Amino acid sequence: MAYNKLFSEIKIKGLELKNRVMFPAMGTKMATEDKFVTQQIIDYHVARVVGGCGLNFTEVCSVYAPASPKKFLSIAEDKYIDGLKKLTDAIHEAGGKAGVQLWLGGLAVASDPEAIIIIPSDIPVPGTEYTMKGASIETIKESIKAFGEAARRAVEAGFDTIEYHAGHNYVPHSFLTPFFNRREDEYGGSLENRARFSIEAIKAIRENIPKDMPLFMRIVAHDDYLEGGLAIEDTIEFCKMAKEAGVDVVDVSRGNFSSAAIKFEVPPVDLERGFNVENAARIRKETGLITVAVGRINDPVLAEEILENDKADMVVMGRAQLADPEFCNKAKDGKEETIVKCVGCNQGCYDGFVSTEMPFITCLRNPALGREAEYSLVKTDSPKKVLIAGAGIGGLEAGIILKRRGHNPIICEASSSFGGQFALAGEAPRKEEMKEAALSRGKQAINEGVEIRLNTPVTVELIEEIKPDEVIIAIGSAPMSLNVPGANLSHVTNSHDVLAGKSTPSGKVVVIGGGLVGLEVAEYLNGKAESITVVEMLDQVAKDLGQLRNICVMESLYTEGVQTITNAKCIEIEEKSVVIEKDGKLEKLPCDSVIVAIGAKSRNFDGISKCCEEKNIPFHVVGDAVRARRALNAVAEASEVARVI
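Residues numbered from 1 in each chain as written. Predicted model: local features only at pLDDT ≥ 70, side-chain atom pairs only at ≥ 80, totals over all residues. Heavy atoms only, no water.

- An unreviewed UniProt entry lists the chain under the name NADH:flavin oxidoreductase, with Clostridium intestinale URNW as the source organism.

1. As for the overall build of the chain
Move 1: Across its full length, the chain carries 21 helices and 28 strands.
Move 2: The globule rule puts the C-alpha radius of gyration for 645 residues at 26 Å, and the 27 Å found for the chain is close to it.
Move 3: Along the first, second and third principal axes, the C-alpha set of the chain runs to 75 × 65 × 45 Å.
Move 4: Per-residue burial for the chain yields a buried fraction of 59% across its 645 residues.
Move 5: The long-range share in the chain, meaning contacts at least 24 apart out of those at least 6 apart in sequence, stands at 71%.
Move 6: Accessible area of the chain: about 25,900 Å², with a carbon and sulfur share of 49%. (Helix = DSSP H or I, 4+ residues; strand = E, 2+ residues; numbered from the N terminus. Rg over C-alpha atoms; globule rule 2.2 N^0.38 Å. Buried < 20%, exposed > 50% of the residue type's maximum accessible area, 1.4 Å probe, protein only. Contact = heavy atoms within 4.5 Å. Areas by Shrake-Rupley, 256 points an atom, 1.4 Å probe, with all protein chains shown as cover.)

2. Describing the sheet that holds strand β28 (residues 619-621)
In a beta sheet, neighbouring strands pair by backbone hydrogen bonds and run either parallel or antiparallel.
Move 1: Taken in spatial order, the five strands of this open sheet run β16-β15-β14-β17-β28, and their pairing is parallel. Single-partner strands in this sheet number two, and they are β16 (451-453) and β28. The sheet shows a mean angle of 20 degrees between the axes of neighbouring strands, taken without regard to direction.
Move 2: Inspection of the sheet shows strand β17 (residues 470-473) paired to β28 by three bridges, in the parallel sense. Note on β28: the bridge partner recorded for Ile-472 is His-620.
Move 3: Relative to strand β15 (residues 408-412), helix α13 (residues 393-405) is tilted by about 165 degrees, and along the sheet it contacts β14 (385-389), β15, β16 and β17. (Pairing = 2+ DSSP bridges. Axes fitted to C-alpha atoms, helices over the stretch in contact; angles between N-to-C directions.)

3. Some points on the UniProt feature "domain: NADH:flavin oxidoreductase/NADH oxidase N-terminal" (unreviewed entry) in the chain
Move 1: Following the UniProt record, one finds the feature "domain: NADH:flavin oxidoreductase/NADH oxidase N-terminal" (unreviewed entry) at residues 5-336.
Move 2: In residues 5-336, helix accounts for 34% and strand for 16%; the two terminal C-alpha atoms are 16 Å from one another. (UniProt positions renumbered as here; feature names shortened; annotations may be inferred.)

4. A word on the environment of Pro-505
Move 1: Among the structural elements, Pro-505 can be located in the loop between α17 (495-499) and β20 (508-512).
Move 2: Under the relative-accessibility criterion, Pro-505 is labelled buried at 5%.
Move 3: When the C-alpha positions of Pro-505 and Val-46 are compared, they lie 51 Å apart, and in sequence the two are 459 residues distant.
Move 4: Once you skip the residues sitting within four places of it in the chain, Pro-505 turns out to touch Thr-493, Val-498, Leu-525, Lys-528, Ser-593 and Ile-595.

5. Observations regarding the pairing of strand β6 (residues 98-103)
Move 1: Most of β6 is tucked away, with six of its six residues classed as buried.
Move 2: Both faces of β6 are covered, namely the face carrying Ala-98, Val-100 and Leu-102 and the face carrying Gly-99, Gln-101 and Trp-103.
Move 3: Note: strand β4 (residues 55-62) against β6, five bridges, orientation parallel. Across the sheet, the residue bridging to Phe-57 is Gly-99, located in β6.

6. A short note on the side chain of Arg-153
Move 1: Tracing the backbone shows Arg-153 in helix α3 (residues 137-156).
Move 2: Polar contacts involving the side chain of Arg-153 include one to the main-chain carbonyl oxygen of Ile-75, which spans 3.0 Å.
Move 3: Residues within four places of Arg-153 in sequence aside, it is in contact with Ile-75, Ala-76, Glu-77, Asp-78 and Ile-81. (Polar contact = N/O pair within 3.5 Å; in protein donor to acceptor, adjacent residues only side chain to side chain.)

Have a look at this one:
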């Protein structure tokens, strides 16, 4: 496919872009503690510019010093200009265009106790007698002035354009929506008054930038999960005001972090691709503004259709370019089959961002994210034959990296297909893209010349036949068995067999285990079983899911009527019931089928490791073969090992 529209030029005032792909502002945790640009951020952006992206925006960049949280970029003082200039220079030298997203975070800056929180109206803090006070007129005026000063600095730093962030529950959006804004002065009440903060900020920005510099604005199409919040009609009227004040482009997002609507900000695989496009199309039609569509656009075919059907003028491809920085080049060159697509798992980007354990974001599909310089592939000067046990997502990653470095990897898989548990996970509702990704990665490995032998378990005899120089053990994990009376009855099966289609439970089904796999099996059986009850030992189900996937899965279970019982332990399985202990009492749950989903344990590889030790063959163990964890860990470990062999 040619993607003629996607890769056509677009001119917005004095800004000329080589294509219509925008890399948006996304939190990275790559800034310094005191909010300066790092070389890591520069490398991260340059990789996407070299990969063909038309326009790169910084992550949120604080405009007002008292409300600037640590570890986020800032443009609130002149001292930040030099660092930002290094970023824009690097983007320009690589052939790209640079934009800065001007941000005033409101409640979002609470991550830094030293940053002040600016909100339109008083908000009582649940569980305390404390009330956060709404902003004074003085603070409002200072904040508006700060946007103008930040715009001046952006020009000095060499940015080609600016984006004013008026969405996602940040200060401008909080003033705009009646859900948060209960003021009775000129900044509250009517839509015109609630929009006043933004209109004055937009004018302040416009006064400090050249006339031919376009001004983007990020908005939410409407408020989700906020009772009495903005309707899309309100947003359209606001956009008309903003256009009059000097906005040239509207970037139509969705969501807020004060409710379950946060799922729309970093939409997981559970939300359909392009779910917000129709909102962008309507806003574009009714405002006449140049419009950017956002929302799980991870495929060049979808992006081209959006533009061809005149629903938007540009598209945001954020996580698509986290997963594959060469996304644009590959699509433009007709090499779509080589694209490593984002699957909306959120494990490395969103979960990594909110995690206190991860120093910066990463990506299940791209372990080099945030390590662009460090992970630059180095060709080997001593090629080795490397035997990889297991063609799961980790084994495939290792094989591809090794092949690119000049080694000779041989992947041997005991089953008849590749992808392992990642492909199996794709059998669960709404996760088809994960199966597609696993199968695609297998094909990519074969196309790169990696030898893959299916139905070939790694044995001592195979090792003796192949005579590898090194071995990578990536054989994954297997479902854990339930050690209670009745666990071997004929109507008892495990989650993996259900998802693989080897077992078809029916009637009244009880699922033992309320983690990710147990809940996905429950969803998988919806409509195929009379009733489904999930039993979990812990105090809540879905504890091993990231926040956003958790929201989606729990909403689905509620809608489908799946029952969950927590703080309950399975004591025995009988022919027609499951005996559980809850609150110190025994209870029987009637059932026709039982599914065990209590977790997984590493497969035994003693034979492989012992053989390697006896023959002095270096071996490495990665992923679930170490211990059962997320696919993120398997790919990261496989990639790291393959880069050092």
